[in-house]
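# Summary of structural features
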Amino acid sequence: MNVTIKLVGIFKIDRFKDAVREYPSGICVREVVDELRIPTHLLGTVLINEIHAGVEDVLVDGDTVCLLPFIDGG
Amino acid sequence: MKSFTSDPASEPSSVLYSRCTVDLRSGKIHREDVPCRNLEDVLGGFGRSFQILAERNINHAYCEENPLIVNTGLLTGSSAMTGLRTYFSGYSPLKESKKSLPAAMWSTGSGNFGAKLKWTGLDELIFENRSTTPVYAVIRETAEGPLVELKPADHLLGLSTHEKIMALHKEYGSAHFAAIGQAGEQWENVYMGAVALSTDNQLKSGEDKMRFAGRGGMGSLMGYKNLLALVAQSSDKIKPLTPEVKKVNINVVKGGGAGRLLPISRGGGGGTWAAYDVLQTFHAVPVNNFRPQGNNEPEKLFREHVEKQFVIKSEACYRCGITCHNNVHEKSEDGSVGRFLAKFDYEPLNLLGTNIGLHDAAQAASLIHTCDNYGMDSISLGVTVSYLLAYNERHPERPLLNGAVFGEYAKIKELITQAGLGNLPEIGRGSKRLSESTGETSYAYHVKGLEIAAYQPETNPGYAWAIAGGHMSMGTYGLLTREGKSDMESWVQGITRDKLQIVGFDMIGLCKFFDITKGICTQMVVDCLKSEFGLDITIENLAASVRRAFLRGLALELRQGYEKAEYTLPAEVWERPNPNIKLPNITHPEFIAELQKRVWEIFEPELDGLLPQE
Ligand code: SF4
């Protein structure tokens, strides 16, 4: 299945900003995060189709996943 | 601090803290060991200072009875990472209720002044009354204990924060400094004066790389007292790292806690600047006085773009492995590091950049630099300026001051410079007073008289219950954006339970970046207290103490005339809902009304008995 991945902030470094990628069906967000080697302690938010989601959520064909770094105030 | 117990929660009076009271009018100085009343006194910071403030009835911030309390937290000066905080407390010239009574306030910063102050042997300084002539205070370690002296400060008058610090540095070796700038000296017209705290980096390089206790105008209160600077002179007294504290420190840097704040080159998130990218995903980066426009303009100040033009150095306070400062320097032709321009933390960058219509890093840097050197709070300054620009945009036929509108760098710089010199009380006295004078209060982005931080109010109704400024005394600013919580239960729980715990850092002497998501009620803190002082304080006792301190702050607000209706957001949020923000709407009037009802139902019964009887 095809999933659009959008990466925000530091996650783009040495990766990409957005890309359509092919995954086996039934894959969850965590597997995408692992595959992209995104350090989990830096992961703040997951959006699936612009709605907040969790790393265990299962993806379906055509989904858009956005991975955002943690924010810590300023 | 002297402790004759290992259980300060049960036996607080067996812990004594060292306090020096300085009467600025008479010059009398009195040092004493004071027994703690409760665990809040033991932990220190605002947990202690607010109990002192609660004993006074203050109707005007600029009165002799309003003390300036300078203190540290239990872990300030310890070997626990980030243990460098100094706290400045008093009744605020800036934050006031609609009844015009000043609110109790604290402000805090890092740098190395706090540790030095602790190492002189003092835990707290209370400055009473005001001096008739400009003075500075020297706190020194001597064989007989800490010694405090007042010295004439005429030679410091008119100097910027950095210039004052460097002038004193020439005179006092092995010392660190707290200083106000011209803005604090002009306290009558500037209520948002900040206190600058020196860093090792600043003293060694001569570059103006200070940290600030900015919120609530504690620098203006210092200026009113004619107290221009503090010098803490002592040898360094860092204890050898115990295995327990070493483990905690490694966990702070390498574990989840602060790893995200580390420089990108060390696998971290690159500090608070990262908030730009995240919030822009939701079109929730404040633009033009908190009106995000759904466009890409904020991206111009993304780190990846600024990096092409400038060198960004990741630097730290003394001995801190978190290295959260992003110091922006000019880039020489060969790519090497040039002149230091400014620090780029998220708040000042946004509020003196994107939120006033400036998307050029050099311009934002120049304004941050100006603000820091005059010694103003960048949040209050930026938000008051953005209000003025919004007013002028709405009223081109009768604009205020120099008529500046969003994006007009030269005119905005003039406003900031003149405000810093005390020539523009319209700006220097903050957005509440300015908006009341124009009669257009709905788009003045303050809550309870204190300007909000650079998080859209649409994303954070928790602002209403913050007791010392938007994001640092109520940790709900990420509850919607980061955690995706838009239901009532999560917000009630967040405000009344979990997220108020953020204020614990402002008691104990640690930076919030020590572990911002979990707060101070953790095994890491318990281990540090045991290892450093032999104290057995449980997580539950810490949590209860932090909660009491927070609630005492709330009770004090109510005593200073705040009405429940003031626990709300700027009205523009629901009068003109912003369709560009891509998040659920949790700030419509019905949500806010229900939240107010539910939050007060929980808080109100707990407020009894927290303040001294009148
Ligand atoms: S976290 Fe940042 S501000 Fe705090 S002590 Fe470390 S470097 Fe300084």
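To start, this report covers the structure provided alongside it. Source: prediction; values computed, not measured.

Residues and elements named next belong to chain B. Taken as a whole and judged by the stated rule, the model has 20 aromatic pairs over all chains. With 5.1 Å between their ring centres and 85° between their planes, Trp187 and Tyr224 make a pair best called edge-to-face. Taken together, the residues Trp187 in the loop between α5 (182–185) and β11 (195–197) and Tyr224 in helix α7 (residues 218–224) connect sequence positions 37 residues apart. With respect to class, Trp187 is no different from Tyr224; both count as buried. When the ring of Tyr567 is compared with that of Trp600, the centres are 4.9 Å apart and the planes differ by 85°; the resulting orientation is edge-to-face. Taken together, the residues Tyr567 in the loop between α21 (539–559) and α22 (572–575) and Trp600 in helix α23 (residues 589–603) connect sequence positions 33 residues apart.

Before going further, it helps to spend a moment on the pairing of strand β4 (residues 68–72) of chain B. Residue and element names in this part refer to chain B. Counting buried positions along β4 gives 5 out of 5 residues, so the element sits mostly inside the fold. Of the two faces of β4, the one lined by Leu68, Val70 and Thr72 and the one lined by Ile69 and Asn71 are each fully buried. In this structure, β4 lies alongside strand β7 (residues 124–128), joined through 4 bridges in antiparallel fashion. If you follow Val70 over to β7, its bridge partner there is Leu125.

Contacts to the ligand come from Thr82, Leu84, Ser110, Ala316, Cys317, Cys320, Ile322, Cys324, His325, Cys511 and Phe513 of chain B. Taken together, the residues of the shell around the ligand break down into 8 nonpolar, 3 polar and no charged.

Residue and element names in this part refer to chain B. In terms of burial, β7 is a largely internal element, 5 of the 5 residues being buried. Neither face of β7 is open: one carries Glu124, Ile126 and Glu128, the other Leu125 and Phe127, and all of them are buried. Bridging between strand β2 (residues 15–23) and β7 involves 5 bridges; their strand directions are parallel. Bridging across to β7, Asp23 finds its partner in Glu128.

Facing the 20 residues of chain A at the interface are 33 residues of chain B. A buried area of about 2,100 Å², summed over both sides, lies between chain A and chain B, and 66% of it is on carbon and sulfur atoms. At the boundary of chain A with chain B, the tally comes to 2 salt bridges. The salt bridge involving Lys12 of chain A is made with Glu304 of chain B; its shortest N-O contact spans 2.8 Å. Connecting chain A to chain B are 4 residue pairs in polar contact (both at pLDDT 80 or more). The set of elements that each furnish at least two residues to the side of chain A that touches chain B consists of β3 (43–48) and β5 (64–69) of chain A. Split by residue class, the side of chain A that touches chain B holds 10 nonpolar, 7 polar and 3 charged.

A separate point is the pattern of salt bridges. Residue and element names in this part refer to chain B. Under the counting rule described, the total for this entry stands at 48 salt bridges over all chains. Ionic pairing is found between Lys432 and Glu96, a salt bridge with its closest N-O pair at 2.7 Å. With Lys432 in helix α17 (residues 430–438) and Glu96 in strand β5 (residues 86–96), this pair connects stretches of sequence that are 336 residues apart. We classify Glu96 as buried; its relative accessible area is 10%. Salt-bridge contacts for Glu149 lead to Arg140; the nearest nitrogen and oxygen are separated by 2.4 Å. One network of salt bridges, with partners in common, ties together Arg19, Glu32, Arg48 and Glu124.

Analysis parameters
Residues numbered from 1 in each chain as written. Chains lettered and ligands numbered in written order. Predicted model: local features only at pLDDT ≥ 70, side-chain atom pairs only at ≥ 80, totals over all residues. Heavy atoms only, no water. Phe/Tyr/Trp six-rings, centres within 6.5 Å; stacked < 30°, edge-to-face > 60°. Helix = DSSP H or I, 4+ residues; strand = E, 2+ residues; numbered from the N terminus. Buried < 20%, exposed > 50% of the residue type's maximum accessible area, 1.4 Å probe, protein only. Pairing = 2+ DSSP bridges. Near = heavy atom within 4 Å. Nonpolar A, V, L, I, M, F, W, Y, C, P; charged D, E, K, R; others polar. Contact = heavy atoms within 4.5 Å. Buried area = accessible area lost by both parts, 1.4 Å probe. Salt bridge = Lys/Arg side-chain N within 4 Å of Asp/Glu carboxyl O. Polar contact = N/O pair within 3.5 Å; in protein donor to acceptor, adjacent residues only side chain to side chain.

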